[in-house]
Every structure is written in structure tokens, then in C-alpha cells.
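Residue-level structure breakdown
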Amino acid sequence: MTVRSVNVFGATGSIGQSTLDVVRAHPDKFKINLLTAQSNVERLAAQAIEFQPSHVVIGDEAHYSALKDALSAHPDTKISAGEAALVEGAQDIKADITMAAIVGMAGLAPLMASIAHGGLIAIANKEPLVAAGAQVISAAEQSGATLLPIDSEHNAIFQVFEPKNKAAVERLILTASGGPFRDWSLDKIKSATPEQAINHPNWEMGAKISVDSASMMNKALEIIEAHYLFDMPASKIDVLVHPQSLIHSMVEYSDGSILSQMGASDMRTPITNIMGWPERIKTPGARLDLSALTQMTFEPVDHARFPAINMAYEALKSGQGACLAMNAANEVAVSAFLSHKIAFMDMHDITMRTLEKRQKADLNSLNEIITYDKLCRDLAESFIRKT
Ligand SMILES: NC(=O)c1ccc[n+]([C@@H]2O[C@H](COP(=O)([O-])OP(=O)(O)OC[C@H]3O[C@@H](n4cnc5c(N)ncnc54)[C@H](OP(=O)(O)O)[C@@H]3O)[C@@H](O)[C@H]2O)c1
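The notes below deal with the structure included here. (Residues numbered from 1 in each chain as written. Predicted model: local features only at pLDDT ≥ 70, side-chain atom pairs only at ≥ 80, totals over all residues. Heavy atoms only, no water.)

Let us look at the sheet that holds strand β7 (residues 146–149). Strand order in the open sheet formed by seven strands is β4-β3-β2-β1-β5-β6-β7, and the pairing between neighbours is parallel. Looking at the sheet topology across the chains shown, the edges are occupied by β4 (78–81) and β7. The mean angle between the axes of side-by-side strands here comes to 20°, regardless of whether they run parallel or antiparallel. Against the sheet, helix α12 (residues 268–276) touches β1 (4–9), β2 (30–37), β5 (97–100), β6 (120–123) and β7, its axis set at about 140° to β1. (Pairing = 2+ DSSP bridges. Helix = DSSP H or I, 4+ residues; strand = E, 2+ residues; numbered from the N terminus. Axes fitted to C-alpha atoms, helices over the stretch in contact; angles between N-to-C directions. Contact = heavy atoms within 4.5 Å.)

Quick look at the site of the ligand now. The immediate surroundings of the ligand are formed by 24 residues, with Thr12, Ser39, Asn40, Glu127 and Gly206 found nearest. Within the backbone of Gly13, a nitrogen or oxygen atom sits 3.1 Å from an oxygen atom of the ligand. Note that an oxygen atom of the ligand is positioned 2.8 Å from one of the backbone N or O atoms of Asn40. Protein burial of the ligand: of its 910 Å² of free accessible surface, 85% is covered by the chains. Put simply, the parts of the chain that give the shell around the ligand at least two residues each are α1 (14–25) and α6 (126–143). Residue composition of the shell around the ligand, by class: 12 nonpolar, nine polar and three charged. (Near = heavy atom within 4 Å. Polar contact = N/O pair within 3.5 Å; in protein donor to acceptor, adjacent residues only side chain to side chain. Areas by Shrake-Rupley, 256 points an atom, 1.4 Å probe, with all protein chains shown as cover. Nonpolar A, V, L, I, M, F, W, Y, C, P; charged D, E, K, R; others polar.)

Here the focus is the packing of helix α15 (residues 346–357) against helix α16 (residues 366–386). Interhelical geometry of α15 versus α16 gives an angle of 135° and a closest axis separation of 9 Å. Put simply, α15 runs oblique to α16. Helix-helix and strand crossings are classified by hand; for α15 and α16 the assignment is right-handed. Contacts between α15 and α16 pair Ile350, Arg353, Thr354 and Lys357 from the former with Cys376, Leu379, Ala380, Phe383 and Ile384 from the latter. Residues belonging to the contact of α15 with α16 are distributed by class as follows: six nonpolar, one polar and two charged. (Parallel < 35°, antiparallel > 145°, perpendicular 65-115°, else oblique. Left-handed = near helix turned anticlockwise from the far one by under 90°.)

Turning next to helix α13 (residues 308–318). All of the buried residues along α13 are Ala308, Ile309, Met311, Ala312, Tyr313, Ala315 and Leu316. Against the buried residues of α13 lie α10 (207–215), α11 (217–230), β9 (237–241), α14 (320–338) and α15. Positive phi shows up at Gly319, right after α13, with a value of about 120°. (Buried < 20%, exposed > 50% of the residue type's maximum accessible area, 1.4 Å probe, protein only.)

Inspection of the entire model under this criterion finds 21 salt bridges. Across the salt bridge formed by Glu331 and Arg377, the nearest N and O atoms sit 3.2 Å from each other. Here Arg377 lies in helix α16 and Glu331 lies in helix α14, a separation of 46 residues in the sequence. Of the charged contacts, one joins Asp378 and Lys374 as a salt bridge, the two residues approaching to 3.0 Å between their closest N and O atoms. Linking Asp378 with Lys374, this pair stays in helix α16, spanning four residues, or about one helical turn. Residue classification places Asp378 among the partly exposed residues on the basis of a relative accessible area of 37%. Under the relative-accessibility criterion, Lys374 is labelled partly exposed at 48%. A single network of salt bridges, built from pairs that share partners, joins Asp21, Arg24, Glu50, Asp266 and Arg268. (Salt bridge = Lys/Arg side-chain N within 4 Å of Asp/Glu carboxyl O.)

Here the structure, examined in full by the defined rule, presents five aromatic pairs. Taken together, a centroid distance of 6.3 Å and an interplanar angle of 55° make the contact between Phe158 and Trp277 tilted. One end of the pair, Phe158, is in helix α7 (residues 152–160); the other, Trp277, is in the loop between α12 and α13, and 119 residues separate them in sequence. In this structure Trp277 comes out as partly exposed when scored by relative accessible area, which is 30%. Between Phe337 and Phe344, the ring centres sit 5.4 Å apart and the planes meet at 80°, which makes this aromatic pair edge-to-face. Assigned by exposure class, Phe337 and Phe344 land together as buried. Put simply, the rings of Phe181, Trp184, Phe337 and Phe344 pair up and form one aromatic cluster. Lys188 extends its terminal NZ or CZ atom over the ring of Trp184, reaching a point 4.1 Å from the ring centre. Its guanidinium or amino end placed over the ring of Phe383, Arg353 lies 4.1 Å from that ring's centre, counting from NZ or CZ. (Phe/Tyr/Trp six-rings, centres within 6.5 Å; stacked < 30°, edge-to-face > 60°. Lys NZ or Arg CZ within 6 Å of the ring centre and 35° of its normal.)

A volume near 410 Å³ is recorded for the second largest pocket. Lining the second largest pocket we find 16 residues, and of these Leu147, Leu148, Phe158, Leu229 and Phe230 sit closest to its centre. For the lining of the second largest pocket, the secondary-structure elements that each account for two or more residues are α6, β7 and α11. Looking at the lining of the second largest pocket, its residues break down into 13 nonpolar, no polar and three charged. (1 Å grid on protein atoms, 1.4 Å probe; cavity = no way out; pocket = protein on both sides within 12 Å on 5 of 7 lines; lining within 4 Å. Points joined across faces, edges and corners; volume = space filled by probe spheres on them.)

Turning next to empty space enclosed by the protein. A full pass over the atoms with the stated rule returns three cavities of 30 Å³ or more. Looking at the largest cavity, its volume works out to about 110 Å³. Forming the boundary of the largest cavity are Ser215, Met217, Arg305, Pro307, Ala308, Met311, Asn330, Phe344, Met345, Met347, His348 and Thr351. Counting only elements with at least two residues in the lining of the largest cavity, the list comes to α13 and α15. Estimates place the volume of the second largest cavity at around 50 Å³. For the second largest cavity, the full set of lining residues is Phe9, Thr98, Ala100, Ala101, Ile102, Gly107, Pro110, Leu111, Ser114 and Asn125. Elements with a contribution of two residues or more to the lining of the second largest cavity: β5 and α5 (108–115).

Structure representation (C-alpha cells):
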């Protein structure tokens, strides 16, 4: 494998750090060009000193001078700041691999700018796919970019999906750990705190995706993500709770075969899989010890306690406006929950109410998508103020 250049958007986050772990394990295979963060100056500066990118971007301009000070001994590293600088970084700095690991819709504009270059786009940032899946896929088709999934479920499907036998795919089966509240009663879930919600039993992740996992909104977003990534109708996408998170997802074919991918609950496996693709290179992550397994169980989703899954199917039926509204309202609601402004189940009510009012939209350009996203966020905020 020749040395591949890498841009990491969201380098200081959970996926970003795991990506740099893979790069650290293979200094002969990867070279970092660009690193970005939103506000974590200390971590971004440490990463820049270690990986020597040509360019670093901090999203929040208030942190520009602190970053400049921290990198004063490294004048060769170009530093810029602000939302527009993230997009400019994506436009100006070409890379063989772009890791899209910003959290939320904030990642959409840098993602689209990166896609325009072509190359391999490793996509962890699921929210832009949920809100603007058709535009993301079509931009990749136009530029020739190869869009490959990092999300463990979609990466598992990618590994066992046979494009030439697409017509024989009967079901994509997304597995779900069930999150920290899998065994909790509805009453107990209603009084769950942010601290309890981010305490995931199997995975260590950023706060937003951890809360989404607790509500199973993460799986709801993944249903829509799978629809776009594998061009499958909602009727062929199922969810199965698998508390041990050993099988990361499955594809069922018409001959009765179910192909699955297994591995430790460690995002460095899917990240290594995509960064080495189409070769297989060594992961620095944990390994699954099959001889230590005591059990592997599966159960259906309890929709009364986890209503987000059905909401995703409804949103997909309604169209892009509904998917975008669901995602936008959820981002706003998760943030309000994490700041102790609303209760756990309020997140669902706020998202549902936003979805009911904002589903019909003719969205074509990036600007129309961003404007509609803002409208949905404002509506969700107004519901939060009245809660
Ligand atoms: N973590 C996982 O295991 C996992 C698995 C599958 C998919 N994903 C997806 O991957 C994405 C990242 O997840 P994560 O868990 O790594 O999140 P995270 O730990 O919260 O990290 C988010 C990253 O994005 C940056 N960021 C935050 N807000 C931003 C903004 N407004 N503009 C630009 N950058 C911003 C953060 O910078 P600061 O550090 O400076 O705040 C950080 O680098 C999410 O879409 C998530 O759904 C994650």
C-alpha cells in the first residue's frame, strides 16, 4: 500500500482519536494533512505536534489565539478558525482519505466540500446522511468519491454486502445493543439523567451518540443511513436487539444465508477496515476472544419504550423533509437534555412534534437544506421553551 494522505474532521472526538490511533500504528501507510476540532485546543494542539499536519482548523473562532500560542513552535502548520475555515480546509487540502467525524449537521458543509475532491470519504458523521442522504450520494457519484461507512453496523453490512447479488438481498438486519436502558421500565426511563444516559454498556462514544443510543434514536438514524448507503427500501431494513454487540449487523439473502461481521466493540476495527481498504491491515484495537464468549442473544425492539425506531420508518415514508426534521429536532433535544433542561422522554415528544409540523419540503441545494434545518431547529427550540 502506498502512503495515503488523511484529513480528519473532528479529530479530537471519539472517532477522531481512534482514527489517529490507527494512523499511529501505521506510520508507513498514512500521513496526516489536516486536523480539525471545535473547541478542544489542548487536544488539537497535542495531535498537531505529534502528527505534523500542514493545516489545523478550530471551528470556534474564540479559540484561535490559544491554538496559535500552543503551536507557536510549529510555524509550518497553518492555523485557521471558524465555520467557513472548516469548509475552506476541505476545499483547499486534498487527501486520499477524508475521515468525516464531526458530530451532527455541522459536518454537512465540510463533508460536501471534501466529497467534491473525490478520494475515499470515510463517513462516521451520520447526521448529514440522514438529513441530506440523496444529495450526499449524488455529490459522490458526480465527483467519483468513494463513500465508505465507519458506523460499525454499516461497516459490517458493507463487508458482507454483495453488490452483484443486490437483487437477492431480502433484509439488512441492523443490530442494536439496546443501550443502558434496555432493561429499564418506561417509568424509570422517564426519570433517566444525562449521566445515566451516557453510560453505555459496550461502547465508549461522544455524548450525543451515547444519548442517541440510550433512546435508540441512534438506531433510528442508522435505518435512514442504511437506506441511503445501500439503496435499500425501508421495508428491507430490520432492527434486532443484540445486547452483547458482537455481531455488528447482517445481510439476509434469498437463498436463506445470513452473512454477518463480528468483532470486538472497538471502533478501531471498522476504521482500520476502511482506512486499509481494499486491503486488510492490522488494527491497533481490541480483539474478540470467541473462546471467552458465554452467550449471544437476540430480541425484538420494544417500541413502547423505544418509540424512535418507528419514527424513523415513518420519516422515511414521508421523505427527506421529515428525515431532516427528525434529525434537527433530535440534535436540539439531545443538547437540551444534556444541559438538564428537559427530561429524557421529552426528547421524543419534541422530535415528534417537530416532525408533525415540518415534513413537506422541496430540498435541492445545500442552502435550502441548511435553511430548512434551521427552521426545524427553531421550532424544536420553541417547544423546549414551553416544556
Ligand atoms: N463514537 C462512536 O463510537 C461512533 C460510532 C459510529 C458513528 N459515530 C458518529 O461519528 C460522529 C462523531 O461522533 P463522536 O462520538 O466521535 O463525537 P465526539 O466525541 O463528540 O466528537 C465530535 C468531534 O466533532 C467536533 N465538533 C463538535 N461540534 C462541532 C461543530 N459545530 N463544528 C465542527 N466540529 C465540531 C468536536 O470538537 P471538540 O472536541 O473540540 O468539541 C470533536 O472533534 C457522530 O456523527 C456519530 O454519530 C460515532
